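Residue-level listing of the chains:
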Amino acid sequence: MPVYNQSRSRVVQIIFISVFLIIVAQLLHLQVFSSQYKIQAENNAVFRKTIYPSRGLVYDRKRRAILENTVMYDLEVTPNDIKNPDTLTLCNILNIDTAEFKRRIRVAIAKNKSFKASVFEPLLSQELYARLNENLYRFPGFTLNERPVRDYPYGAGGAVFGYVSEVDSGYIKNNKDVKYEMGDYAGKTGVERSYEKVLMGVRGVKRYIRDTHGRLQGAYENGSFDTSAVAGKGLHLSLDIELQQLGEKLMTNKVGSIVAIDPRTGGILCMVSSPTYNPQSIAGPDGRKHFAELQVDPRSPFLNRTVNAKYSPGSTFKTIVGTVALTEGVIDDKMTTTCTGAYWGCGRRLGCLDPGTFAFREAVAHSCNTYFAITFRRVIDDPKFGSASAALANFNRYAYSFGLGKPLGTDIPFEKGGNIPVPATYNKIFGPRWVSCNIISNAIGQGEVQTTLMQLANAMATIANKGWYYTPHLVDSIENATDNENHMLDSFKVKHHTLDIPEKVFDIVQDGMQEVMESGTGAAVAIPGIVVCGKTGTVENALNGVKLPDHSFFGAFAPRGKPVIAIAVMCENAGKGAQAAAPIASLLVEKYLKDSIPEPDRKALLEEMANKNLIPVYMVREMQSQDSARKVRQDSLMHIKMQRSKDSLATRVAYFNKGTNVTALNVKKPVSKPAPKNQKAVTMPDMVLSTDTKKAKPSKITRA
């Protein structure tokens, strides 16, 4: 054989051998190494059902279950298993059209692959579940799966508990250590978020074998590959649910917040952010609709105003100014000042509520701006520090030791730190030689001073304890906690101390706060038989440069001597501290200490405050504007829906007359009709909710 032919023969042999090896390698890859077809084959023969665990229960301080679980059902779809479903019936039951049906299938495939079950319609109502269960045989590829859902027996505590919702790809990516899957739910705010890893439990799996028609025939391998779901662990809170309910009732039609703390432990007894919401409304089948409505509410109900909003504390801050001044020795409790109605010492008017001559206790009781302006100037101008900057830095050290100016470290997510202005801020504004008059508004808790309401309540607890506090927290203990879970609570057992402040100083400050409730600005809401120490605050504020009505503040603790509750209340744009915040706080303190409000006049006050509407005017206007826009939108959608219904009916009649079956009509030949030519587009007005809460510096301060 010629050499040339031998060479050609070898080439052909090499080609055949190469092709054979490639085929063998591919077969090995597909059958041995690759799991793609193995998974698909298993999914054809085995149905994998996820068993979602019950989230941990939550109890209040009296061991009452305040956050439980109930069972609802999700409609799930496995796209690969869909075989000639009665799409029209399914769409009619779910009240969706075929376009939405197809969109959901695409989303399911994108989120969770075509051979895995994904949620098609979550949290079915009882009626919807019954209709689907009756007709499920018509929808191959669709299954009903149990899901434990939160139940709120007291209908309160939205800001405390937060909410859970389905995880998305971003959440899964950012929490790889937990190994979430699409379809899992996780806590997004409140206690649900802070203690997610404790509450979530562990999902289980059950596997069922299927016949050639996809029907379930029983457990796969007698359940040897099944795993049981493990419920989450319970949490015991310091919260008093009855106090929480009363707080939410008193804050109806108001914008603000309440925080009550047990100063002995730091446990939060009550935490209200208003407007609140019934957490049950976003946990059920209509949850998505209610959630969307709450998101666009101009009052921002999802903003937790107890820790996520900062305010100037107003005259409640005078308790801190007085404590520092007495400790530094720049004043004593016998020093007096005379106020004629305003302080003019810095060249501009600083108004006062009650003219007169006051020593320290009376100055606190009557919230005298003149007294505390002079006091603050003495602190900042103290010659031993050499400069205002150094004196302010020293003042700030005291403020920080009360838990102000930084996050406290509570177990509530997204806590803000407030603001205790530092010397560098004023060096930039005024230059290095600024003086006390440049920051005189800080003397009465205005200017650049800002706190959260949680910080203000904690400051009241610190004064009650005469110089120490535990970090405020909601969770006291975790059921059957591991060592790591117990460590989650370690920071709440550390006692924090202020700078070295003599006990006598705290006695003087408490004397003044007691006078507030006996003869001063809070006397009208004194509690019969209980010695309360309190301080009112009336806070000027502005929005987008426009001055608004004053915020109403109040801080207190009781009973003096053995305090068991410290409280702070704030109502936005509600007037003087004594008009709104103080009555609400006094009623809550009485309820907690007496377990009831027995006197008729106090009951009348409770109903009066609960029924009082103090929603800020600018928010009311935005709500009215939204209502008008919503009505226009609903009218337009109703017109379109009615027109489509007429078109759909006419089209179906035409198809039936031609002998076309329903499924073909609904899936294979979707019909759409353009809007009538004379139909005008509806343009919705732009809704703008201002988030600019920066307070304009008032040229004139006229409140205490």
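Refer to the structure presented above.
The notes below deal with the structure included here. Note that the structure is predicted; figures quoted are calculated from it, not measured. Position labels on residues start from 1 in each chain and follow its written sequence. Only residues with pLDDT of 70 or above have their local features reported here, since the model is predicted, and side-chain atom pairs are shown and tallied only from 80 upward, although totals for entire chains, interfaces and linings are computed over all residues. Excluding hydrogens and water, the side-chain figures rest on all heavy atoms present in the structure.

1. Section: a nonpolar patch on the surface
Piece 1. To count toward a patch, a residue needs a relative accessible area over 30% and no salt bridge; like charges are then connected within 9 Å, while nonpolar side chains (Val, Leu, Ile, Met, Phe, Trp, Tyr) are connected within 5 Å. We get accessible surface area from the Shrake-Rupley algorithm with a probe of 1.4 Å; when it comes to residues, only the shown protein chains can shield them. We define a salt bridge as a side-chain nitrogen of Lys or Arg found within 4 Å of a carboxyl oxygen belonging to Asp or Glu. Together, Ile-17, Phe-20, Leu-21, Val-24 and Leu-28 give the surface a local cluster of nonpolar side chains, amounting to about 460 Å² of exposed area.
Piece 2. The topology assignment puts Ile-17 in helix α1 (residues 3–33). Only runs of H or I of at least four residues qualify as helices and only runs of E of at least two qualify as strands under DSSP, and these elements are numbered from the N terminus.

2. Topic: the environment of Thr-50
Piece 1. Positionally, Thr-50 belongs in strand β1 (residues 46–51).
Piece 2. Residue exposure (1.4 Å probe, protein chains only): buried if accessible area is under 20% of the type maximum, exposed if over 50%, otherwise partly exposed. Note on Thr-50: relative accessible area 12%, which makes it buried.
Piece 3. For the pair Thr-50 and Asn-145, spaced 95 residues apart in sequence, the C-alpha separation works out to 8.0 Å.
Piece 4. For Thr-50, the contacting residues outside a window of four places in its chain are Asn-145, Arg-203 and Gly-204. In what follows, residue pairs with any heavy atoms lying within 4.5 Å of each other are defined as contacts.

3. Quick look at the environment of Tyr-129
Piece 1. Note on placement: Tyr-129 falls in helix α5 (residues 126–135).
Piece 2. The class for Tyr-129 is partly exposed, based on a relative accessible area of 24%.
Piece 3. It is 9.9 Å that separates the C-alpha atoms of Tyr-129 and Ile-93, two residues lying 36 residues apart in sequence.
Piece 4. When sequence neighbours within four positions are dropped, the list of residues in contact with Tyr-129 reads Tyr-73, Leu-124 and Leu-144.

4. A word on the pattern of salt bridges
Piece 1. Enumeration over the complete set of coordinates arrives at 38 salt bridges.
Piece 2. Note that Asp-74 is salt-bridged to Arg-147, the shortest N-O span being 2.5 Å. In this pair, Asp-74 is assigned in strand β3 (residues 65–77) and Arg-147 in strand β5 (residues 142–151), connecting sequence segments 73 residues apart.
Piece 3. Take Arg-147: its relative accessible area is 3%, and that puts it in the buried class.
Piece 4. Between Asp-297 and Arg-299 there is a salt bridge, and its shortest N-O distance comes to 2.8 Å.
Piece 5. Residue class for Asp-297 comes out buried when judged on its relative accessible area of 12%.
Piece 6. Counted as one network, the salt bridges with shared partners bring together Asp-60, Arg-61, Arg-64, Asp-240, Glu-242 and Lys-591.

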